[in-house]
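Structural characterization, general
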Amino acid sequence: MTRTYWAAGAAVVLAVLFAVGATVATANGPDGGDRRTAAAPALYSADAGFARDMAVHHQQAVEMSFIVRDRTQDEPVRSLAYDIANTQANQRGMLLGWLDLWGLPKVVADEPPMSWMQSGEGHGGHAGHGAAKPGALMPGMATKEELERLGTANGRDAEVLYLQLMTDHHKGGVAMAEGCARQCGTPAEKALAQGMAEAQQSELKLMEDMLRQRGAAPR
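Residues numbered from 1 in each chain as written. Predicted model: local features only at pLDDT ≥ 70, side-chain atom pairs only at ≥ 80, totals over all residues. Heavy atoms only, no water.

1. A closer look at the nonpolar core
Phe50, Met64, Leu95, Tyr162, Leu163 and Met176 are the most contacted members of the largest nonpolar core, which has 53 residues in total. A total of 11 residues in this core trace back to one element, the largest contributor, which is helix α5 (residues 155-183). When neighbours within four sequence positions are excluded, Met176 is seen to be in contact with Phe50, Asp53, Met54, His57, Met114, Trp116, Met117 and Met138. (Core = buried A, V, L, I, M, F, W, Y, C linked by side-chain atoms within 4.5 Å. Buried < 20%, exposed > 50% of the residue type's maximum accessible area, 1.4 Å probe, protein only. Helix = DSSP H or I, 4+ residues; strand = E, 2+ residues; numbered from the N terminus. Contact = heavy atoms within 4.5 Å.)

Structure below.
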């Protein structure tokens, strides 16, 4: 488990470091000049849709990680929760920062969640990523009731539920990130999305091992 955890952590760190550099490169040209208005993605593009949706998706992961931190004293789970919260909060800031750089809104009233994730261009559609469960905004996201359960669980019960919810969450996140890696046109965002997918896939393996150690399994 230690080896798997180290690999997951290394992948996360590399993704964040690359994204920081990529954000600077997006905002500035090779001569250091401002390029914030150059070739900004369209309102309903995959680039903008991914940034908006993944920012929301990440926010829930951060919330769940802070909840479990106070529901268990298990150091491996608390350490994983800290890493997920820290990484996804940073990535969320980058995504929202790109929307600001592009002059695009963070919320679009007539844009259904995941509508950017389709083959071809346009507005609407949900191909290729599965459906959200009833009560969840996007695939992988927990429902209000599940968050309430996590907030009242303790010890092993909290650990298992968190790992199961975060496993579902990461599966949805990987599908979204792989969708952007295929469809987004902004090189820096495509690279960040690919890094997200790789890091979360490593964490999925880690969480499967952690669940097994607790006599449980992904749902």
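2. Details of the pattern of salt bridges
As enumerated under the stated definition, the model contains 12 salt bridges in all. The closest approach of N and O atoms between Arg69 and Asp70, which form a salt bridge, is 3.4 Å. Put simply, Lys106 and Asp100 hold a salt bridge, and the shortest N to O gap is 2.6 Å. Three or more residues joined by partner-sharing salt bridges are found here, namely Lys133, Glu146, Asp168 and Arg219. (Salt bridge = Lys/Arg side-chain N within 4 Å of Asp/Glu carboxyl O.)

3. As for the packing of helix α2 (residues 46-69) against α5
Packing of α2 against α5 leaves a shortest axis separation of 10 Å and a crossing angle of 165°. Put simply, α2 runs roughly antiparallel to α5. In the packing of α2 onto α5, the handedness of the crossing is left-handed. Of the residues in α5, those touching α2 at Ala46, Phe50, Asp53, Met54, His57, Gln60, Ala61, Met64, Ser65 and Val68 are Ala158, Tyr162, Leu165, Met166, His169, Gly172, Gly173, Met176, Ala177, Cys180 and Gln183. Looking at side-chain class alone, the contact of α2 with α5 contains 13 nonpolar, 7 polar and 1 charged residues. (Axes fitted to C-alpha atoms, helices over the stretch in contact; angles between N-to-C directions. Parallel < 35°, antiparallel > 145°, perpendicular 65-115°, else oblique. Left-handed = near helix turned anticlockwise from the far one by under 90°. Nonpolar A, V, L, I, M, F, W, Y, C, P; charged D, E, K, R; others polar.)

4. Some points on the packing of aromatic side chains
Under the defined criterion, the tally for this structure stands at 2 aromatic pairs. Summarising the aromatic geometry, the rings of Phe50 and Trp116 are spaced 5.6 Å apart at their centres and angled 80° between planes, so their arrangement reads as edge-to-face. With Phe50 in helix α2 and Trp116 in the loop between α3 (75-102) and α4 (144-152), this residue pair connects regions lying 66 residues apart in the sequence. For Trp116, a relative accessible area of 2% corresponds to the buried category. Here the aromatic rings of Trp98 and Trp102 are separated by 6.4 Å at their centres, their planes lie at 10°, and the arrangement is stacked. In this pair, Trp98 and Trp102 both sit in helix α3, 4 residues apart, roughly one turn of the helix. Each member of the pair, Trp98 together with Trp102, is buried. (Phe/Tyr/Trp six-rings, centres within 6.5 Å; stacked < 30°, edge-to-face > 60°.)

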